[in-house]
Amino acid sequence: MVWFACYYDYSVGESFCLWNPATKEYKELPKPPDVDDTFGIWVSGFAYDKNRGDYNVINCYDSIVQVYSLELNSWKIIEISVSLTPQRTFGSLEAGVFFNEDFHWIHGDKVVVSLDLINERINEIQLPRRFSNLDFDLYLMLAVLEGCLCLLKSHLLSVGVEVWVMQDYGVQKTWTKSFIINNESNGFMRRVWSSKKGEILIEVDGDQVLYNHKFGTVRKQNNQSLIGTRTRGENYFESLVSLNAGTYVQEKKHE
């Protein structure tokens, strides 16, 4: 598996690395090209280009996208003619989702934006019609569940997370409210991980909850919260690919 992570060190600025838990190899990425942008990175994530067999790290600014290629070990800049600004919640770094060969996130105007990295083109996908009147306390996040794009919906003043699934990609009327993740916490939510097997790991108000909708099970996890930090792990892809770094994470020995 290859895991994308970014972290913030005030002495050097933002840094990025790739980590393959299957081989324990990790690679610190070269510094991205400078971008003249006051607000910094809005959206960040990880993608796999199956046509080239290449892994990409993606950083989106207001109208500029940085794309790192593992194969070339270098960054390139894509300039976009429209604003890429996502919904913004408590100064957090938005996590994009790679699906159907495109990179997706929730735009500030409450639509799903998809970035075609090959053709360097932006497309929009409409949210469910009942989401037309959204208030500030509502938070939306994308995930991929059982091969479908899905939408996680939570409210700061209520408990539980609604999961909406897009049955036919790109067709607004196929958004379907599939199930509700019942948990004891309310507050800011973020998707940590989702799988093709129907599992979603989310973090709500500092609590991490693993939900399996096939069995209707909810389990609290003991993992350390990442909310409030600039360290995060995102989408991963199962692979034994070498990062060509020669550096490895060493397991801590318990005495």
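Residues numbered from 1 in each chain as written. Predicted model: local features only at pLDDT ≥ 70, side-chain atom pairs only at ≥ 80, totals over all residues. Heavy atoms only, no water.

## Considerations on the packing of aromatic side chains
Part 1: Taken as a whole and judged by the stated rule, the model has six aromatic pairs.
Part 2: Ring centres of F99 and Y169 lie 5.5 Å apart, and the angle between their planes is 65°; on these two criteria the pair is classed as edge-to-face. One end of the pair, F99, is in strand β9 (residues 97-99); the other, Y169, is in the loop between β15 (161-166) and β16 (175-181), and 70 residues separate them in sequence.
Part 3: With 5.3 Å between their ring centres and 20° between their planes, F179 and Y211 make a pair best called stacked. Linking F179 in strand β16 with Y211 in strand β19 (residues 207-212), this pair joins segments that are 32 residues apart in sequence. The same class applies to F179 and to Y211, which are both buried.
Part 4: An aromatic cluster is present here, built from F46, Y48 and Y55 joined pairwise through their rings. (Phe/Tyr/Trp six-rings, centres within 6.5 Å; stacked < 30°, edge-to-face > 60°. Helix = DSSP H or I, 4+ residues; strand = E, 2+ residues; numbered from the N terminus. Buried < 20%, exposed > 50% of the residue type's maximum accessible area, 1.4 Å probe, protein only.)

## Some words on the sheet that holds β9
Part 1: The strand order across the open sheet formed by four strands is β9-β10-β11-β12, and the pairing between neighbours is antiparallel. Looking at which strands have only one partner, the edges of the open sheet turn out to be β9 and β12 (121-125). Going across the sheet, the axis of each strand differs from the next one's by a mean of 30°, ignoring polarity. (Pairing = 2+ DSSP bridges. Axes fitted to C-alpha atoms, helices over the stretch in contact; angles between N-to-C directions.)

## As for the environment of F99
Part 1: Classification of F99 by relative accessible area gives buried; the value is 14%.
Part 2: F99 sits 50 residues away from L149 along the chain, and the two C-alpha atoms are 7.1 Å apart.
Part 3: Once residues within four sequence positions are removed from consideration, F99 is found in contact with H104, V144, G147, C148, L149 and Y169. (Contact = heavy atoms within 4.5 Å.)

## Structural notes on the environment of D62
Part 1: Topologically, D62 is positioned in the loop between β5 (54-60) and β6 (64-69).
Part 2: The sequence separation of D62 and V43 amounts to 19 residues, and the corresponding C-alpha distance is 9.3 Å.

## Some points on the pattern of salt bridges
Part 1: Counted by the stated rule, this structure contains seven salt bridges.
Part 2: With a shortest N-O distance of 3.6 Å, D49 and R52 are connected by a salt bridge.
Part 3: K177 is the salt-bridge partner of E162, the closest N and O atoms lying 3.5 Å from each other. Of the two residues, E162 is situated in strand β15 and K177 in strand β16; the sequence distance between them amounts to 15 residues.
Part 4: For E162, a relative accessible area of 19% puts it in the buried group.
Part 5: By sharing partners, the salt bridges in this structure join K153, E162 and K177 into a single network. (Salt bridge = Lys/Arg side-chain N within 4 Å of Asp/Glu carboxyl O.)

## Considerations on the side chain of D54
Part 1: Here D54 is to be found in strand β5.
Part 2: Nearest to the buried, unbridged D54 among oppositely charged side chains is R52, at 6.1 Å.
Part 3: A distance of 2.5 Å separates a polar atom in the side chain of D54 from a polar atom in the side chain of S69.
Part 4: Residues within four places of D54 in sequence aside, it is in contact with A47, Y48, D49, S69, L70 and E71. (Lys, Arg positive; Asp, Glu negative; His and termini not counted. Polar contact = N/O pair within 3.5 Å; in protein donor to acceptor, adjacent residues only side chain to side chain.)

## Quick notes on the sheet that holds β16
Note: strands within a sheet are paired through backbone hydrogen bonds, in either parallel or antiparallel orientation.
Part 1: Ordered by their spatial adjacency, four strands build an open sheet running β13-β14-β15-β16, and the pairing between neighbours is antiparallel. Two strands close off the open sheet at either side, each with one partner strand: β13 (138-145) and β16. The sheet shows a mean angle of 25° between the axes of neighbouring strands, direction not considered.

## Observations regarding the environment of P32
Part 1: Secondary-structure assignment places P32 in the loop between β3 (25-28) and β4 (43-49).
Part 2: Sequence spacing of P32 and W75 is 43 residues, and the spatial spacing of their C-alpha atoms is 6.1 Å.
Part 3: Those residues within four positions of P32 in sequence are excluded, and the remaining contacts are F16, N59, Q66 and W75.

## Examining the pairing of β13
Part 1: Counting buried positions along β13 gives eight out of eight residues, so the element sits mostly inside the fold.
Part 2: The alternating pattern of β13 places L138, L140, L142 and V144 on one face and Y139, M141, A143 and L145 on the opposite face, and all of these are buried.
Part 3: Relative to strand β14 (residues 148-155), β13 runs antiparallel, the two being bridged by eight bridges. Paired with M141 across the strands is L152, a residue of β14.
Part 4: The hairpin turn running from β13 into β14, its antiparallel successor, is two residues long, and E146 in that turn takes a positive phi close to 50°.

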